[in-house]
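Each chain, written out:
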Amino acid sequence: MNKLKELFNDHQIYHSKFQQDYFITVKSGGTLYGQYKQALRELYSRYNGIKNGMFGLEKHFVDIEEQKYIAETSKNIFKKKRAEIETRELESNLETTHKSLEDQKREFTRFYQQACWYKEQLGELTDEKRDKLDKEMWIYKIKEMIALDFASGGQLKSNTYELINSTPQEVKTIVLKELKNPLQVVEWYEKTDVNYLPKEFPKLEFNEEILLLKEFENE
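Below is a summary of the structure that appears in this document. All figures in this text were calculated on a predicted structure; none of them were measured in a lab. (Residues numbered from 1 in each chain as written. Predicted model: local features only at pLDDT ≥ 70, side-chain atom pairs only at ≥ 80, totals over all residues. Heavy atoms only, no water.)

### Some details on the packing of helix H3 (residues 32-73) against helix H4 (residues 77-122)
Okay, step 1: Two elements in contact, H3 and H4, have axes separated by 7 Å at closest approach and are oriented at 160 degrees. Our classification of the angle between H3 and H4 gives roughly antiparallel. Crossing handedness for the pair H3 and H4: left-handed.
Okay, step 2: A breakdown of the residues in the contact of H3 with H4 according to their chemical character gives 24 nonpolar, twelve polar and 13 charged. (Axes fitted to C-alpha atoms, helices over the stretch in contact; angles between N-to-C directions. Helix = DSSP H or I, 4+ residues; strand = E, 2+ residues; numbered from the N terminus. Parallel < 35°, antiparallel > 145°, perpendicular 65-115°, else oblique. Left-handed = near helix turned anticlockwise from the far one by under 90°. Nonpolar A, V, L, I, M, F, W, Y, C, P; charged D, E, K, R; others polar.)

Written out as structure tokens, the structure is:
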């Protein structure tokens, strides 16, 4: 194998599974419900990215055919040469396009695994349940902001206070109690384990998800 190709095979364009799990979903979500929302957000983004990438790849092949046709049929020597260069450039970029799409599929698969896991834990989301979970998520996030403010700067930041003040009175009352002893909030944050992910996900191949995507498009 070509040494450069072997090296590039080890290069991941986007995030590793570790980054996806802990630095995106767990970090951004906080609560179980918050992590589910984040996983869905990332999943939906990758879903659209893959669709656009697949259409883009089809167009890429058409562009190659078009430039080849121009190079073969044009009587203008300069137009012919430009088309030949365009063809080589487009063919050269195919590998990058393929790799980008494959890495998007890899990320999609991981976020799909996450979302399915969280869904199993949460069950059906009625409007009432969603409202309750949303409130719990924001209480956690605001407490997290308080902890980070005092841990890093020793005082509450204005944007944190503004956010607290914009919440319903019920939430505001709960959160403001925490400000009476912010060091306890910092201690709570340091000891709180918000990693709800399993040690290992069930194996999943992206090919299965391609079928689901097509079914979704045909509904």
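### Some points on the environment of Gly 123
Okay, step 1: Among the secondary structure elements, Gly 123 is positioned in the loop between H4 and helix H5 (127-153).
Okay, step 2: Taking the relative accessible area as the measure of exposure, Gly 123 reaches 26% and is therefore partly exposed.
Okay, step 3: The sequence separation of Gly 123 and Leu 197 amounts to 74 residues, and the corresponding C-alpha distance is 16 Å. (Buried < 20%, exposed > 50% of the residue type's maximum accessible area, 1.4 Å probe, protein only.)

### Section: the side chain of Gln 104
Okay, step 1: Mapped onto the fold, Gln 104 is located in helix H4.
Okay, step 2: With residues near it in sequence (within four places) discarded, Gln 104 still touches Tyr 14, Arg 46, Gly 49 and Ile 50. (Contact = heavy atoms within 4.5 Å.)

### Thoughts on the nonpolar core
Okay, step 1: Core analysis: the largest hydrophobic core is formed by 27 residues, its most contacted members being Tyr 33, Tyr 36, Phe 108, Tyr 118, Leu 122 and Leu 125.
Okay, step 2: Those elements that place two or more of their residues in this core are helix H2 (17-29), H3, H4 and H5.
Okay, step 3: It is H3 that contributes the most residues to this core, nine residues altogether.
Okay, step 4: Not counting residues within four places of it along the chain, the set of residues in contact with Tyr 36 comprises Ala 115, Tyr 118, Lys 119, Leu 122 and Leu 125.
Okay, step 5: Within the second largest apolar cluster, nine residues are counted, among which are Ile 139, Ile 142, Ala 147 and Val 186. (Core = buried A, V, L, I, M, F, W, Y, C linked by side-chain atoms within 4.5 Å.)

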